[in-house]
Amino acid sequence: MTAYKDLSKEELLELKKGLEARFEEIKAKGLSLDMSRGKPAADQLNLSMGMMDVLNSSEELTCANGVDCRNYGGLDGIDEAKQLLADMMEVPKDNVIIFGNSSLNVMYDTVARAMTHGVMGSTPWCKLDKVKFLCPVPGYDRHFAITEHFGIEMINIPMTLEGPDMDLVEELVNNDPAVKGIWCVPKYSNPQGITYSDETVFRFANLKPAAEDFRIFWDNAYCVHHLYEDKQDYLLEILMECKKAGNPDMVYKFSSTSKISFPGSGIAAMAASDANLKDIRNMMKVQTIGHDKVNQLRHVRFFKDIHGIVEHMKKHADILRPKFETVLEVLDKELGGLEIGSWIAPRGGYFISFDALDGCAKAIVAKAKEAGVVLTGAGATFPYGKDPHDSNIRIAPSYPTPEELEMAADIFVLSVKLVSIDKILEEK
């Protein structure tokens, strides 16, 4: 295909005329398609329905060590659930705490504790003149919402194919004591699907923070969310690397079963050093007597062990893979060579990240909505909702049916073409 920028003004206007006619034709269909969030589709949720049958009123609800899951107690969670999530997170069981249904909730509480009571005896963040967080971009909007909610200053860190720009991370973390944390989605990152390289993980583990209470918020949300059996990304385990580097307390690692079992009724976990967990438990004792052990037991009896989770996730992949491939095929076929956008084909996770021409993302999202396709708002993948280039768009292929997805992808590329032509015409 000829790049749009190489076409004459007359050729672009003629092309636009045909595309507009097609757009109006689609618009007249009155479609309503949603690719705004990474929600599992109903057929994915159906995979876990057997979990509803593993416990009933005649079942023994006692754990192997004699804990009655119906009663009080068990601040860390039941041993079986700790082992299940520890194996999934590739950490020792004793370094895991099981929480409620949402890792996002755990991350919020972790920031809140640091704000009100500090980290392991350090000054509470709320008493400091300035608190800063590093934010790899494009990144996860809900991470950014947490730090914005607490009035924490957020600093953009550009993502590369290896992970965050570590030269910039090292410069800021090692020299500015106001930098207290960094958000990370290290495997199949949201939204680009990038997995941090071994070198990137090693450099994280060997940071020399100016702040003693600096923490890496390592949200390994997609640790088992592969799309392919024969093409899977590998991620170096951060807790062990930090321990080897003499920085055992520098990282909080989060994960959950939210996109494995039921997003609203999963179980979440944090893994951290002994010292970090002791600090967290001391505050948790005031907050709760323990989380939902019955739900933890339900997950253990359904999945049994890590092998059960792996087999379960292969079924998820069989549903998700064709959807991702549909979108990627449309992007390749319709936009390849036009030089009006770029994207990465991920091997896992829940999103496809699309970078349009500078200044076009908001207009593309609005154009697609006009034809009946709702996308994540432009700017959502940046702190404060401000994409400095107005170029990044997060595509979520999981929720629509395959038929809906094909229509939505066609509308998306049509919107990209129309907005891009207008942009190029402005510059000619």
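Look up a bit, the structure's there.
Remember, predicted model here, so these are calculated numbers, not experimental data. (Residues numbered from 1 in each chain as written. Predicted model: local features only at pLDDT ≥ 70, side-chain atom pairs only at ≥ 80, totals over all residues. Heavy atoms only, no water.)

Draft legend 1. Just the overall build of the protein chain, in detail. Within the protein chain, the regular secondary structure consists of 13 helices and 13 strands. Radius of gyration (C-alpha) of the protein chain: 23 Å, near the 22 Å computed for a compact globule of 428 residues. Its C-alpha atoms put the protein chain at 75 × 55 × 35 Å along the principal axes. Burial status across the protein chain gives 55% buried among its 428 residues. Relative to all contacts within the protein chain whose residues are 6 or more apart in sequence, the contacts with residues 24 or more apart total 77%. (Helix = DSSP H or I, 4+ residues; strand = E, 2+ residues; numbered from the N terminus. Rg over C-alpha atoms; globule rule 2.2 N^0.38 Å. Buried < 20%, exposed > 50% of the residue type's maximum accessible area, 1.4 Å probe, protein only. Contact = heavy atoms within 4.5 Å.)

Draft legend 2. Examining the packing of helix H3 (residues 79-89) against helix H10 (residues 293-303) more closely. Here H3 crosses H10 at 60°, and the two axes come no closer than 9 Å. Here H10 runs oblique to H3, going by the angle between their axes. H10 is crossed by H3, and the crossing has left-handed handedness. Counting all contacts with H3, which are made through Glu 80, Ala 81 and Leu 84, the residues of H10 involved are Gln 296, His 299, Val 300 and Phe 303. When the residues that make up the contact of H3 with H10 are grouped by side-chain class, the tally is 4 nonpolar, 2 polar and 1 charged. (Axes fitted to C-alpha atoms, helices over the stretch in contact; angles between N-to-C directions. Parallel < 35°, antiparallel > 145°, perpendicular 65-115°, else oblique. Left-handed = near helix turned anticlockwise from the far one by under 90°. Nonpolar A, V, L, I, M, F, W, Y, C, P; charged D, E, K, R; others polar.)

Draft legend 3. Inspection of a negative patch on the surface at higher detail. Side chains of Glu 329, Asp 332, Glu 403 and Glu 406 sit close together on the surface and give a patch of like negative charge. Secondary structure elements with two or more residues in the negative patch: helix H11 (306-335) and helix H13 (402-427). Judged by relative accessible area, Glu 406 falls into the partly exposed class, the value being 45%. (Patch = residues over 30% accessible without salt bridge, like charges linked within 9 Å, V, L, I, M, F, W, Y side chains within 5 Å. Areas by Shrake-Rupley, 256 points an atom, 1.4 Å probe, with all protein chains shown as cover. Salt bridge = Lys/Arg side-chain N within 4 Å of Asp/Glu carboxyl O. Lys, Arg positive; Asp, Glu negative; His and termini not counted. Charge placed at Lys NZ, Arg CZ, Asp CG, Glu CD.)

Draft legend 4. Structural context of the environment of Leu 236. Its location among the elements puts Leu 236 in the loop between strand E7 (215-219) and helix H8 (238-244). Residues Leu 236 and Ile 364 lie 128 residues apart in sequence; the distance between their C-alpha atoms is 37 Å. With residues up to four places along the chain from it excluded, the contact list for Leu 236 reads Asp 198, Val 201 and Glu 241.

Draft legend 5. Broad picture of the side chain of Glu 334. With respect to the helices and strands, Glu 334 occurs in helix H11. Among the residues examined, Glu 334 registers a relative accessible area of 18% and is labelled buried. A distance of 2.8 Å separates polar atoms of two side chains, one belonging to Glu 334 and the other to Lys 417. (Polar contact = N/O pair within 3.5 Å; in protein donor to acceptor, adjacent residues only side chain to side chain.)

Draft legend 6. Fine view of the environment of Trp 125. Inspection of the secondary structure puts Trp 125 in the loop between helix H4 (103-117) and strand E3 (132-137). Considered as a pair, Trp 125 and Ala 112 are 13 residues apart in the sequence and their alpha carbons are 9.2 Å apart. Apart from residues lying up to four places away in sequence, Trp 125 is in contact with Val 111, Ala 114, Met 115, Val 119, Val 131, Phe 133, Ile 152, Lys 180 and Asp 213.

Draft legend 7. Structural view of the sheet that holds strand E13 (residues 392-395). The sheet built from 3 strands is open, its strands ordered E10-E11-E13 with antiparallel pairing. Both edges of this open sheet fall to strand E10 (341-343) and E13, since each of them pairs with a single strand only. Averaged over all pairs of adjacent strands, the angle between their axes in this sheet comes to 25°, without regard to strand direction. By the bridge criterion, 4 bridges tie strand E11 (residues 352-356) to E13 in an arrangement that is antiparallel. If you follow Phe 354 over to E13, its bridge partner there is Ile 393. (Pairing = 2+ DSSP bridges.)

Draft legend 8. Examining the sheet that holds strand E9 (residues 268-271) more closely. Taken in spatial order, the 8 strands line up as E2-E9-E8-E7-E6-E3-E4-E5 in an open sheet, and their pairing is mixed. Strand pairing shows two members of the sheet lacking a second neighbour, strand E2 (96-98) and strand E5 (163-164), which therefore form its edges. Running over the sheet, H4 touches strand E6 (179-184), E7, strand E8 (251-256) and E9 and is turned about 155° from E8.

Draft legend 9. Quick look at the packing of aromatic side chains. Here the structure, examined in full by the defined rule, presents 15 aromatic pairs. Relative to Phe 133, the ring of Trp 125 has its centre 6.1 Å away and its plane inclined at 65°; by these criteria the two rings are edge-to-face. A single burial state applies to Trp 125 and to Phe 133, both of which are buried. An angle of 70° between the planes, with centres 5.0 Å apart, marks the rings of Phe 302 and Phe 303 as edge-to-face. Every member of this aromatic cluster is reached through a ring pair, and the members are Trp 125, Phe 133, Trp 183, Phe 217, Tyr 252 and Phe 254. Residue placement shows Lys 259 over the ring face of Tyr 350; its charged tip is 5.2 Å from the ring centre. Lying over the aromatic face of Phe 23, Lys 367 brings its terminal NZ or CZ to 4.5 Å of the ring centre. (Phe/Tyr/Trp six-rings, centres within 6.5 Å; stacked < 30°, edge-to-face > 60°. Lys NZ or Arg CZ within 6 Å of the ring centre and 35° of its normal.)

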